[in-house]
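# Examination of the molecular architecture
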Amino acid sequence: MDIEIWLRKYSEEFLRDVGINEGQTVLDFGCGSGYYTIPTAKIVGSKGKVYALDKNREKLKEVTERAASQSLSNIEIIKTSGEAKIPLKDASTDIVLLYDVIHSYHFSPPVRKELLREVYRVSKSNALISVYPRHMDSEEAYNEMVRANFLFEKRLFKKLLHNGTLVDDYVLNVRKK
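This write-up is about the structure you can find in this document. (Residues numbered from 1 in each chain as written. Predicted model: local features only at pLDDT ≥ 70, side-chain atom pairs only at ≥ 80, totals over all residues. Heavy atoms only, no water.)

### Digging into the nonpolar core
Judged by nonpolar contacts, the single largest core of 32 residues is most densely connected at F14, I20, Y36, I75, L97, Y99 and V171. Among the elements of the structure, α1 (2–18), α2 (37–44), β2 (49–54), α3 (57–69), β4 (93–99), β5 (123–132), β6 (150–162) and β7 (165–176) are those that each provide at least two residues to this core. What V171 contacts, discounting residues up to four positions off in sequence, is F14, V18, Y99, S130, V131, Y132, K154, R155, L156 and L160. By size, the runner-up hydrophobic cluster in this structure holds 26 residues, among which are A84, V119, M136 and M145. (Core = buried A, V, L, I, M, F, W, Y, C linked by side-chain atoms within 4.5 Å. Buried < 20%, exposed > 50% of the residue type's maximum accessible area, 1.4 Å probe, protein only. Helix = DSSP H or I, 4+ residues; strand = E, 2+ residues; numbered from the N terminus. Contact = heavy atoms within 4.5 Å.)

Quick look at the structure:
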């Protein structure tokens, strides 16, 4: 099963390559079942923190159960109703993961603009924002991030998990100015 292979073989290496390190505070926006949240929590360790934000209560329950089964106490669940507002303090995160969430299926262009303003607000100076634009053109995602006042850092071609399946695809890393 691809999920197990992802978690066992690829997830931590991928997240370290993206830029996640011990002691950081990470927001996994639209965390789903936590297939990025759980390995991120392992990397950041007890001195770090992961905010797992999603609107799907069942998925958040899965994250909570997975975290408990692995004795991870550094994950804070944030339930949302799907709006762009992020209930975190200004400049409170080192990294924001926007994996498969900024496309029009989830957020219309005006709401996406509001979401990116919120990501900017909750990000510390020079924070890393890693974007997996699965259902939108990579160039369009790049342009959205630049318009939102983020600086392009790099584009990575990596093995990722999407809807329970391993895929080879691009992520964009940008920084808060």
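This is not the end of the story, as more comes after the structure.
### A word on the packing of aromatic side chains
Summed over the entire model, instances satisfying the criterion amount to 9 aromatic pairs. Against the face of Y10 rests K159, its NZ or CZ located 5.6 Å from the ring centre. (Phe/Tyr/Trp six-rings, centres within 6.5 Å; stacked < 30°, edge-to-face > 60°. Lys NZ or Arg CZ within 6 Å of the ring centre and 35° of its normal.)

### Regarding the sheet that holds strand β1 (residues 25–29)
Read across the sheet, 7 strands follow the order β3-β2-β1-β4-β5-β7-β6 without closing on themselves; strand pairing throughout is mixed. Of all strands in the sheet, those with a lone pairing partner are β3 (75–79) and β6, marking the two edges. Going from strand to strand, the sheet's axes swing by 20° on average, the running direction of each strand aside. With 4 bridges joining them, β5 and β7 adopt antiparallel strand pairing. When the bridges of β7 are listed, I129 appears paired with V174. The strands that α1 touches are β4, β5, β6 and β7; relative to β6, the one it contacts most, it runs at about 165°. Each of β2 and β3 touches α3; the most contacted strand, β3, lies at about 170° to it. (Pairing = 2+ DSSP bridges. Axes fitted to C-alpha atoms, helices over the stretch in contact; angles between N-to-C directions.)

### What to know about a nonpolar patch on the surface
A cluster of nonpolar residues, Y142, V146 and F152, forms a patch on the protein surface that exposes about 240 Å² of accessible area. With respect to the secondary-structure elements, F152 resides in strand β6. Since its relative accessible area comes to 39%, F152 is described here as partly exposed. (Patch = residues over 30% accessible without salt bridge, like charges linked within 9 Å, V, L, I, M, F, W, Y side chains within 5 Å. Areas by Shrake-Rupley, 256 points an atom, 1.4 Å probe, with all protein chains shown as cover. Salt bridge = Lys/Arg side-chain N within 4 Å of Asp/Glu carboxyl O.)

### Considerations on unusual backbone geometry
Look at S71: it is not a glycine, yet its phi comes out positive at around 55°. Locating S71 in the fold gives a position in the loop between α3 and β3. The class of S71 is exposed, set by a relative accessible area of 65%. Phi is positive for N149, close to 80°, though the residue is something other than glycine.

### Here's the deal with the pairing of β4
Most of β4 sits out of view: 6 of its 7 residues are buried. Alignment of β1 against β4, held across 3 bridges, turns out to be parallel. When the sheet's bridge partners are listed, V26 is paired in β4 with I95. As judged from the 6 bridges shared by β4 and β5, these two strands associate in the parallel manner. By the bridge assignment for β5, V96 is matched with I129.

### Structural notes on the packing of α1 against α2
Axis angle and axis distance: for two packed helices, these are the angle between their axes and the distance between the axes, and together they describe the pair. At a minimum axis distance of 9 Å, the contact between α1 and α2 shows a crossing angle of 60°. Comparing the axis directions of α1 and α2 gives the class oblique. In the packing of α1 onto α2, the handedness of the crossing is right-handed. Across the interface between the two elements, L7, S11, E12, L15 and R16 from α1 touch P39, T40, K42 and I43 from α2. (Parallel < 35°, antiparallel > 145°, perpendicular 65-115°, else oblique. Left-handed = near helix turned anticlockwise from the far one by under 90°.)

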